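# Chains, contacts and geometry: an overview
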Amino acid sequence: MCRSIKTLRPPVLPEEATEEDIHAAALQYVRKVSGFRAPAAHNREVFDRAVEAVALATAELLGGLEVKGQRVRERSAEDVA
């Protein structure tokens, strides 16, 4: 588990997760899975695409979660794109 990825839903995060929060979590995830803190130039494009895909999936997840009958996020994955 990536220890620097924080939970992005209430009540753990009292306010709505920002695009920056989601991107930072996605970046940490891709870094952990790939084993690269900063990819070489020849891997940059695929690395960046992976970060974007994880960020979109995260926004979609947060947009669909309900905590005690309330939606976690009002925005959808399209808002992050």
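For the structure itself, look to the data block above.
Just so we're clear, the structure is a prediction, and the values are computed from it rather than from any experiment.

### Re the side chain of Asp-21
Mapped onto the elements of the fold, Asp-21 is located in helix α1 (residues 19-34). Asp-21 gets classed as buried once you look at its relative accessible area, which sits at 17%. A polar contact is formed between the side chain of Asp-21 and the backbone nitrogen of Thr-18, at a distance of 3.0 Å. Sequence-distant contacts of Asp-21, defined by excluding residues within four places in its chain, comprise Lys-6, Leu-8, Leu-13 and Glu-16.

### Some words on the nonpolar core
Core analysis: the biggest nonpolar cluster contains 13 residues, and Leu-8, Ala-17, Ile-22, Phe-47, Val-51 and Leu-62 have the highest contact counts within it. For Leu-8, the contacting residues outside a window of four places in its chain are Leu-13, Ala-17, Asp-21, Ile-22, Ala-25, Thr-58 and Leu-62.

### What about the environment of Ala-24?
Along the polypeptide, Ala-24 turns up in helix α1. A C-alpha to C-alpha distance of 9.4 Å links Ala-24 and Ser-4, two positions 20 residues apart in sequence.

### Re helix α2 (residues 44-64)
For α2, spanning 21 residues, the distance from its first C-alpha to its last is 30 Å, which sits close to the expected 30 Å at 1.5 Å a residue. Regarding α2, the residues found buried are Phe-47, Val-51, Ala-55, Thr-58, Ala-59, Leu-62 and Gly-63. Projection of α2 onto a plane perpendicular to its axis shows the buried side chains occupying an angular sector of 145°, all on one side. Set apart from the buried face of α2 by more than 90 degrees, the exposed residues are Glu-45 and Glu-60.

Quick notes on the rules
Residues numbered from 1 in each chain as written. Predicted model: local features only at pLDDT ≥ 70, side-chain atom pairs only at ≥ 80, totals over all residues. Heavy atoms only, no water. Helix = DSSP H or I, 4+ residues; strand = E, 2+ residues; numbered from the N terminus. Buried < 20%, exposed > 50% of the residue type's maximum accessible area, 1.4 Å probe, protein only. Polar contact = N/O pair within 3.5 Å; in protein donor to acceptor, adjacent residues only side chain to side chain. Contact = heavy atoms within 4.5 Å. Core = buried A, V, L, I, M, F, W, Y, C linked by side-chain atoms within 4.5 Å. Expected span 1.5 Å × (residues − 1). Arc of directions from axis to C-beta.

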